[in-house]
Amino acid sequence: YLFSRRALMKCGLGRTLSLVHGGEVYATASTSAETEGYAVITDVVTNAKYRRQGLAAPLISTLCRELLSEGKKPLVTYTSAQAGRLYESLGFIPAGTGTLLYFG
């Protein structure tokens, strides 16, 4: 995973922000599938010891500011209502409905 994330960053197709203190990672947020006009925010993860303390929001907000300053529209997908509420509280708006398919 680290190799693929670094490869995305090196190619300019993704980036990762981390909140680290004392060598411990508290939370991370990444992008993938960055294009000239869009970027998908992915892998928003908070260490279980630090959840529900508002740590993901500043990482997501920072990513959004970076992306918008580069002319890229941030996009997200989510699977839980809690995550949806977080994204909407940060200014994301629904873009319609769709169907998630998996190969299997």
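All of the points below concern the structure found in this document. Not measured: the values here are computed from a predicted model.

**Description of the pattern of salt bridges**
In total, this model carries six salt bridges according to the counting rule given. Here Arg-15 makes a salt bridge to Glu-34, at a shortest N to O gap of 2.8 Å. One end of the pair, Arg-15, is in the loop between α1 (2-11) and β1 (16-21); the other, Glu-34, is in the loop between β2 (24-32) and β3 (38-46), and 19 residues separate them in sequence. Salt-bridge contacts for Glu-24 lead to Lys-49; the nearest nitrogen and oxygen are separated by 2.7 Å.

**Quick look at helix α2 (residues 56-69)**
Taking 1.5 Å per residue, 14 residues should reach 20 Å; α2 reaches 20 Å between its end C-alpha atoms and fits that length. The complete set of buried residues in α2 reads Ala-56, Ala-57, Leu-59, Ile-60, Leu-63, Cys-64 and Leu-67. Buried positions in α2, seen along its axis, are confined to an arc of 165 degrees and lie on one side of it. Residues Arg-65 and Ser-69 are exposed on α2 and point more than 90 degrees away from its buried face. Two residues or fewer after α2 comes Gly-71, characterised by a positive phi angle close to 80 degrees.

**Overview of the nonpolar core**
Membership of the largest hydrophobic core comes to 16 residues, with the highest contact counts inside it found for Ile-41, Leu-55, Leu-59, Ile-60, Leu-63, Cys-64 and Phe-92. At the level of secondary structure, the elements contributing two or more residues to this core comprise β2, β3 and α2. The dominant element in this core, judged by the number of residues it contributes, is α2, at six residues. With residues up to four places along the chain from it excluded, the contact list for Ile-41 reads Ser-30, Thr-31, Ile-60, Leu-63, Cys-64, Leu-67, Pro-74, Leu-75, Val-76 and Phe-92.

**A look at the environment of Leu-75**
Looking at the element boundaries, Leu-75 is found in strand β4 (residues 73-76). C-alpha of Leu-75 to C-alpha of Ile-93: the two residues are 18 residues apart in sequence and 9.6 Å apart in space. Look past the residues within four positions of Leu-75 in its chain and what remains in contact with it is Tyr-38, Ala-39, Val-40, Ile-41 and Phe-92.

**Notes on unusual backbone geometry**
A positive phi is found at Ala-33, a non-glycine position, where the angle reads about 55 degrees. Judged by its relative accessible area of 48%, Ala-33 falls in the partly exposed class. Even without being glycine, Asp-43 reaches a positive phi, approximately 50 degrees. Turning to its location among the elements, Asp-43 is positioned in strand β3.

Definitions and limits used
- Residues numbered from 1 in each chain as written.
- Predicted model: local features only at pLDDT ≥ 70, side-chain atom pairs only at ≥ 80, totals over all residues.
- Heavy atoms only, no water.
- Salt bridge = Lys/Arg side-chain N within 4 Å of Asp/Glu carboxyl O.
- Helix = DSSP H or I, 4+ residues; strand = E, 2+ residues; numbered from the N terminus.
- Expected span 1.5 Å × (residues − 1).
- Buried < 20%, exposed > 50% of the residue type's maximum accessible area, 1.4 Å probe, protein only.
- Arc of directions from axis to C-beta.
- Core = buried A, V, L, I, M, F, W, Y, C linked by side-chain atoms within 4.5 Å.
- Contact = heavy atoms within 4.5 Å.

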